[in-house]
Amino acid sequence: MKKKFFYFDFASTTPIEKKYVFNAMKTYFSDEFGNSSSLYSLGRHAKIAIEKSLGQISDVLRCKQDEFVFTGSATEADNLAIAGVAMANKEKGHKIIVSNIEHKGILSICSVLKKQGFEILELKVKKNGLLNPKDLENLIDNKTILVSLTYVDSETGTIQPIKDLVGVVKRFRKEKKSNFPYFHTDASQAALYLDVAVDNLGIDLMTISAHKMYGPKGIGGLYVRRGVNIKPIIYGGGQRGSLRSGTENIPGIVGFGEAFSLARKNQKKETIRIKKLRDKLEYGIFKKIPKVILNGHPTKRLPNFLNISILDIEGEALLLYLDKLGIMVSTGSACNSQNLEPSYILSALRRPYEFIHGSLRFSLGKCNEDFHINFVLKNLPTIVKKLRAISPLNLPLNINKKVSEPKAFIGGQTPHFF
Amino acid sequence: MSQFLKQHKISIKNPKVVLSGMPKIKIKKTKPDIVNKFTGDKWVYSKIVKSHFFYPKNFLVGDIKKLNFDVEGIIGSPACGDVMRVWLKIDPKTEKIKKFKWRTFGCASAIAATSILSVMVTEKGGMKIDRALKIKPQDIMKRLGGLPDRKIHCSVLGDKALRIAINNWFKKTEQYERIIIEGSRILDPNTKVTEADIEEAVLEGATTLEAVQKRTKVGIGYSKCILEVEELIKFYREKYYGPDKK
């Protein structure tokens, strides 16, 4: 028998929807294995499959089919957007504006570009998790070629005022009669729940990912508005209008299209259902457990996100106790990361380290039902009580002002190898 | 051959000699899971860590004021993510640790490390404090069946908290000559540079041996300590600035 599990990490990844998405993908693994670049029938079938998927995706994005490029992941799409635009427009300027809550796929490529002489300007979020369009206005100048701001951050689910931010860029372009800066947004988390029609948003480039919307892993994509000057980062046989060479991942592409159009079909109903569950979870946790704080914006938040800090206990310990019961969540605690650094997104919200270590992210999805929430609400308070019993801490709730400096790490602690 | 198979955990089912003379081997199927590289356990932590994490032993229950302990020791900071607090009861005649209670804020390995330390010092009628002072993080790790690399720092704190508590006991019983001052261990007898000085230098941006030497003159007249200093710099550099890029 399968062990029962309660999955609350849909922001990390989602299962492939079986009935429509997985079934549609199946034949393309072995029966319809053709290379879309071939002229014979199998190749043509593959090409038709890609076109169908592009049709489904462009319907949702309300864009032209040739404006969408498949990539191997959202990270690759982010890299393509940033490095591709930077390399193609070096002569026009050397400044790129990103927020400090971007996905690592953006921040990492930016630090590479920095070494190559580009200037990376950081737009900082406010304490409530929102970006301020006014701050953006002050950062943009003639040398700015690209502004890349996330639609929704991946830890608190806070929804950015993307239209206002785009508005700033558009006004600047109109004033200077320039095509720059371009505006890119990472909509990997947002695409399932929010408006991603490119003309409504006014963006020039947008990243989306299949495995966040009940599609397969290993496939993502970048919307590139016609006329945007961009260079590839992968060179080869010239597939996808030369912007992304490499034989297409047909099953992935098929799954992506099916998943996206299916998800959008049920979007309204699902949003209401998920929000109800999330609110129940949130209300229940705050009612049953003392000393909990909410991370991110209280209302301007994706309907499936709940990021909280439970004080006096550590996230990894909590996570493993929950895992023992089959409840799967994620944490921003340093102990859970490879480099022992606490979550940079929660740090950007100026949460003290003490709070970040106790952070827990629930992200709900379509597999969650009412009894899942009840199960968590029944068990979480007990676990918190146990871990608090063995914890020596009793932190005050209002240490928001004081953000710990690295100095706080000193405590007569000599390293362990002596 | 059999030793080879044993070493690589290959089990042979009905070994048959085939034409080439090689036994037909079947590799045992395992479920994909996280594997501890030290023990081969299919969890990120060893079985011992797991049991001490889920069923911690000797942690302090109830009101400390009523429990009448001799001394306590505390180490770590909530910002850093680990805090350990230990309470001891020491028999003054035999100098054996009779009781060791603790509370820990931290991840699974931190909790398990304190729990197993409490067992180590209280088992078999209690450990003598002279021996307890010599407990190294490596000893705790050994008892835990290993820890993932990046988790090693957690086990470190337990032995330190214990040493601090014992130092406090020395103070309380007025045995000042026995107190060991931590963090101020002198690395270079000429310049009197301590571990804490190195840590501070790294924090202030001196992340290479040259930079630290510029600041502290450590090891310039005493090259014996250079290796240790380099290791310390690496430790603090990775601690405060993230892992070195390979």
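Residues numbered from 1 in each chain as written. Chains lettered and ligands numbered in written order. Predicted model: local features only at pLDDT ≥ 70, side-chain atom pairs only at ≥ 80, totals over all residues.

### Points about the domain arrangement of chain B
- By the assigned domains, chain B splits into domain 1 (52–178) and domain 2 (186–241).
- Computed over C-alpha atoms, the centres of domain 1 of chain B and domain 2 of chain B are 29 Å apart. (Domains from an automatic or database assignment.)

### Focus: the pairing of strand E6 (residues 182–186) of chain A
Residues and elements named next belong to chain A.
- The element E6 is extensively covered by neighbouring structure, given that five of its five residues are classed as buried.
- Two elements, strand E5 (residues 144–148) and E6, share three bridges in a ladder whose sense is parallel. Bridge pairing in E6 places Val147 opposite Phe183.
- For the crossover that starts at E5, traverses helix H6 (residues 162–176) and ends in the parallel E6, the hand is right-handed.
- As defined by bridge partners, E6 adjoins strand E7 (residues 205–209) across three bridges and the pair is classed as parallel. Across the sheet, residue His184 finds its bridge partner in E7, namely Leu205. (Buried ≥ 20, exposed ≤ 12 C-beta atoms within 10 Å, placed from the backbone. Helix = DSSP H or I, 4+ residues; strand = E, 2+ residues; numbered from the N terminus. Pairing = 2+ DSSP bridges. Right-handed = clockwise from strand over helix to strand, strands pointing away.)

### Points about the sheet that holds E5(A)
Residues and elements named next belong to chain A.
- Strand order in the open sheet formed by seven strands is E2-E8-E7-E6-E5-E3-E4, and the pairing between neighbours is mixed. In this open sheet, the two strands that pair with only one neighbour each are strand E2 (68–71) and strand E4 (119–123). Averaged over all pairs of adjacent strands, the angle between strand axes in this sheet comes to 20 degrees, irrespective of strand direction.
- Pairing between strand E3 (residues 95–99) and E5: four bridges, direction parallel. (Axes fitted to C-alpha atoms, helices over the stretch in contact; angles between N-to-C directions.)

### Quick notes on unusual backbone geometry
Residues and elements named next belong to chain A.
- In this model, Phe180 is joined to Pro181 through a cis peptide bond whose omega is -5 degrees.
- Along the polypeptide, Pro181 turns up in the loop between H6 and E6.
- Despite not being glycine, Tyr214 shows a phi value in the positive range, around 65 degrees.
- Structurally, the position occupied by Tyr214 is in the loop between E7 and strand E8 (220–224).

### Side note on the packing of helix H3 (residues 74–88) of chain A against helix H4 (residues 104–115) of chain A
Residues and elements named next belong to chain A.
- Orientation of H3 relative to H4, taken along the N-to-C sense of each, is 35 degrees, at an axis distance of 8 Å. Crossing handedness for the pair H3 and H4: right-handed. Taken together, the residues of H4 that come into contact with H3 (itself represented by Ala74, Thr75, Asp78, Asn79, Ile82, Ala83 and Ala86) are Gly105, Ile106, Ile109, Cys110 and Leu113.
- Of the residues that constitute the contact of H3 with H4, the class distribution is eight nonpolar, three polar and one charged. (Left-handed = near helix turned anticlockwise from the far one by under 90°. Contact = placed C-beta atoms within 7 Å. Nonpolar A, V, L, I, M, F, W, Y, C, P; charged D, E, K, R; others polar.)

### A look at the environment of A:Ile101
Residues and elements named next belong to chain A.
- Here Ile101 is to be found in the loop between E3 and H4.
- Residue class for Ile101 comes out buried when judged on the 26 C-beta atoms lying within 10 Å of it.
- Spatially, the C-alpha atoms of Ile101 and Leu322 are 27 Å apart, while their sequence positions differ by 221 residues.
- Residues within four places of Ile101 in sequence aside, it is in contact with Val125, Thr150, Asp153, Ile345 and Ala348.

### Some words on the nonpolar core
- Counting 158 residues, the largest nonpolar core has A:Ile82 and A:Leu318 as its most contacted members.
- The biggest single contributor to this core is helix H3 (residues 108–122) of chain B, with nine residues.
- Apart from residues no more than four positions distant in its own chain, A:Ile82 is found in contact with A:Ile96, A:Ile106, A:Ile109, A:Cys110, A:Leu113, A:Leu146 and A:Ser148.
- B:Val202, B:Val212, B:Leu232 and B:Phe235 belong to the second-largest nonpolar core, a separate cluster that totals 13 residues. (Core = buried A, V, L, I, M, F, W, Y, C linked by C-beta atoms within 7 Å.)

### Side note on the sheet that holds strand E10 (residues 305–310) of chain A
Residue and element names in this part refer to chain A.
- Taken together, three strands build an open sheet; the order of strands is E9-E10-E12 and the sheet is antiparallel. Two strands close off the open sheet at either side, each with one partner strand: strand E9 (292–295) and strand E12 (359–363). Taken over all neighbouring pairs, the strand axes of this sheet differ in orientation by 30 degrees on average, direction set aside.

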